[in-house]
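Commentary on secondary and tertiary structure
Next come the chains, spelled out residue by residue.
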Amino acid sequence: MWWFFSFEIMMSSNVRFKHFGRTVNHVRSVFAARNVGRYQSSKTENSPDSNPLLKYLTMKIKATGPITVAEYMREVLTNPFKGYYMHHDMLGEHGDFVTSPEISQIFGELIGIWCISEWISGGKSKSLNLVELGPGRGSLMGDILRVFNQFQYLLNTCDISIHLVEVSPKLSEIQALNLTEKSTEAKHEDTSSCYKTGITKTGLPINWYYHIQDVPSGYTFYIAHEFFDALPIHKLQKMQDEWREILIDVDPDIPQKLRFVLGSSCSLIAKTFVQADEKRNHVEVCPEAAIIIQKLANQLTKYGGAALIADYGHSGDKEDTFRGFRSHQLHNVLLNPGTADLTADVDFNFLKTMAGNTVSFFGPITQHEFLKNMGINLRLKVLMENAKDDTMQKHLMQSYDVLMNPDKMGKRFQFFSIFPPGRLEQTSKNKYPLAGFTELEMS
Ligand code: SAH
C-alpha cells in the first residue's frame, strides 16, 4: 500500500531543502497575488508604437474584423515573437505570479509519491513515460525526480523516460538548466518530433515537445499544474435564446484601445461545445483543453497510466473568470497585451464531458484535502525536526500555510485525476485506495 513506502520517503532527511531559497519571499508574493489583487493602472504605455503586439493585433482587427477572445489569448500568450510566455521568466517574486511548486519542495515531493503509488497500484509497469504539461521552471519535475531517486525498486525495475510539453523557448532553457547537466537541441534531420533532448541529473532520458500529440505512446503519467488555465478560451453570452460570442475589437473613438463587443450571429463554437441543458448565461469554453483531454483519455484507455491535473477551477458553475496578472496584481486583460499573464479558471465539468466515458475521474478536490491525504503534515513534521534553525522552521511553516490555508491556495486550487477503466472498481473495493483522493491521514 502506498502509505508504507511513502512513509520511508517522508521520513527521509536525504530529501534536502534543496530549493529552500525559493520559499520565503514567494510566500509574501502569493498572498499579494491571489488574495488582495486589484486593478492596476499600467505605467507602461498602451500604444502600438511602444507595444508591437498591440500594433499587430490592431492592424489585424482593422483588416479582418474583431477577433475571438481565444485568438487574442493565443496571440498574447504564445505569439512566437512577443508572446508573454515566450521570452521571459514570469514566475516568482520578481515575476507576475507564483505557483505551489515554487513555494515549497514538499508540493512536488508529494506528487512524486503519488506517481509511485499509482505505479504500484497499476501493476508496476515495466516502462513509464512521465509527461509534464507546461513545466514552468522545472521545479515540480525536479522534486518528483528526487523522490523517484529515493525509491531504488522503481528505478531498478522500470524503464522511465521524462517528456516535457513546453511552448516557451525561454522556459525550456530554464527547465534544461535546472533538470539536466547538459541538453542539446534536436537536429533537423532527426525524425523524432522533440525539439530538445538530454539526460536528467538523476540519469533519466528527457525530451521536450511543442505539442502533446508528439509525445510517444505508452504507459504514461501526465502531470499538469497551472497549465490548463493558460489555454485560450472562447467567451459566450446567452442573448434571449441564442448564444453569441464575445469578440475583441478596436475602440472607434480611441484607436489604440481594445474593447469587448458582442458577435452578431449564433456562434459555431457554442453549437459545438455548449451543452443543451446549460443553465448559465455566460460560459467560457476551451477547445484546446478538449483536444488535449481527449488525447489523454485515448492514451490512458489504450496503454494505461493516470493523469493528475491541478489548477484553480470550478465544476461548471462559474461564469466570467477571464483575468490578467502582472507583478502580482490583477491587470486589465485588454491593456498592454503581452506584458501580463492571461488566465481563466478551468471548468472541470467541461474536461469530464470532453474526456468521454472510457475513463474514470476522481475529484476535483481542494489542494488542502489532496495534500493532507498525501501526508503533508507528516512530511512537514520531519522537515521541521531536521531544520537547522528557527528561521528555517518559520519559512517551512509559512510555505505550508500558503499551500494549505483555505483562504490562500488551500481551497482555490483543485486536484482532478483521470484513470483508465477499472481503477474506480479497485478503489471502491478498497484493494488499492487512490492516493490523495482517499482520506488517509498519516500523522
Ligand atoms: N507548471 C508550472 C508553470 C505554470 S505557468 C508551475 O506550476 O510552476 C504555464 C506553463 O505552461 C508555462 O511553462 C508555459 O510556458 C506553458 N504553456 C502555456 N501555454 C502552453 C501551450 N499552449 N503549450 C505548451 N505549454 C504551454
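All of the points below concern the structure found in this document. Predicted model, so just to flag it, every value in this text is computed and none were measured. (Residues numbered from 1 in each chain as written. Predicted model: local features only at pLDDT ≥ 70, side-chain atom pairs only at ≥ 80, totals over all residues. Heavy atoms only, no water.)

1. With respect to the overall build of the protein
- Counting its regular elements, the protein contains 17 helices and 18 strands.
- Across the protein, contacts joining residues at least 24 apart in sequence account for 75% of those joining residues at least 6 apart.
- On the protein, roughly 19,100 Å² of surface is accessible, and the fraction owed to carbon and sulfur atoms is 52%. (Helix = DSSP H or I, 4+ residues; strand = E, 2+ residues; numbered from the N terminus. Contact = heavy atoms within 4.5 Å. Areas by Shrake-Rupley, 256 points an atom, 1.4 Å probe, with all protein chains shown as cover.)

2. Quick notes on the pairing of strand β12 (residues 305-314)
- Burial analysis of β12 places 10 of its 10 residues in the buried class, the great majority of the element.
- The alternating pattern of β12 places Gly-305, Ala-307, Ile-309, Asp-311 and Gly-313 and Ala-306, Leu-308, Ala-310, Tyr-312 and His-314 on opposite faces, both of which are buried.
- The pairing of strand β7 (residues 220-225) with β12 spans six bridges and is parallel. Paired with Ala-224 across the strands is Ile-309, a residue of β12.
- Relative to strand β18 (residues 413-419), β12 runs antiparallel, the two being bridged by six bridges. The residue bridging Ile-309 from the neighbouring strand is Phe-416, located in β18.
- One ladder, built from two bridges, connects β12 with strand β16 (residues 346-347); its direction is parallel. Residue pairing for β16: Gly-313 is matched across the bridge by Val-346. (Buried < 20%, exposed > 50% of the residue type's maximum accessible area, 1.4 Å probe, protein only. Pairing = 2+ DSSP bridges.)

3. Re the site of the ligand
- Within the structure, the ligand sits among 16 residues, and Thr-99, Gly-134, Gly-136, Glu-166 and His-225 are positioned closest to it.
- With respect to the ligand, the backbone of Gly-134 contributes an N or O atom lying 2.7 Å from a nitrogen atom.
- For the ligand, an oxygen atom lies 3.0 Å from a polar atom in the backbone of Gly-136.
- For the ligand, whose unbound accessible area comes to 570 Å², protein coverage reaches 94%.
- Looking at side-chain class alone, the shell around the ligand contains eight nonpolar, five polar and three charged residues. (Near = heavy atom within 4 Å. Polar contact = N/O pair within 3.5 Å; in protein donor to acceptor, adjacent residues only side chain to side chain. Nonpolar A, V, L, I, M, F, W, Y, C, P; charged D, E, K, R; others polar.)

4. What about helix α6 (residues 105-121)?
- The end-to-end C-alpha distance of α6 is 25 Å, a good match for the 24 Å that 17 residues give at a rise of 1.5 Å each.
- For α6, the buried fraction is high: 16 of the 17 residues fall into the buried class.
- Two or three places before Ile-106, at the opening of α6, Ser-104 has a side-chain oxygen 3.1 Å from that residue's backbone nitrogen.
- Phi turns positive one or two residues past the end of α6, at Gly-123, with a value near 100 degrees. (Expected span 1.5 Å × (residues − 1).)

5. A closer look at the sheet that holds strand β15 (residues 341-343)
- What the three strands build is an open sheet, ordered β14-β13-β15; its pairing is antiparallel. What marks the edges here is a single partner per strand, and that holds for β14 (329-331) and β15. Each adjacent strand pair in this sheet contributes to an overall mean axis angle of 40 degrees, direction not counted.
- Looking at chain direction, strand β13 (residues 323-326) and β15 are connected through three bridges and run antiparallel. Paired with Arg-323 across the two strands is Thr-343, which belongs to β15. (Axes fitted to C-alpha atoms, helices over the stretch in contact; angles between N-to-C directions.)

What is shown is where atoms sit, not what they do.
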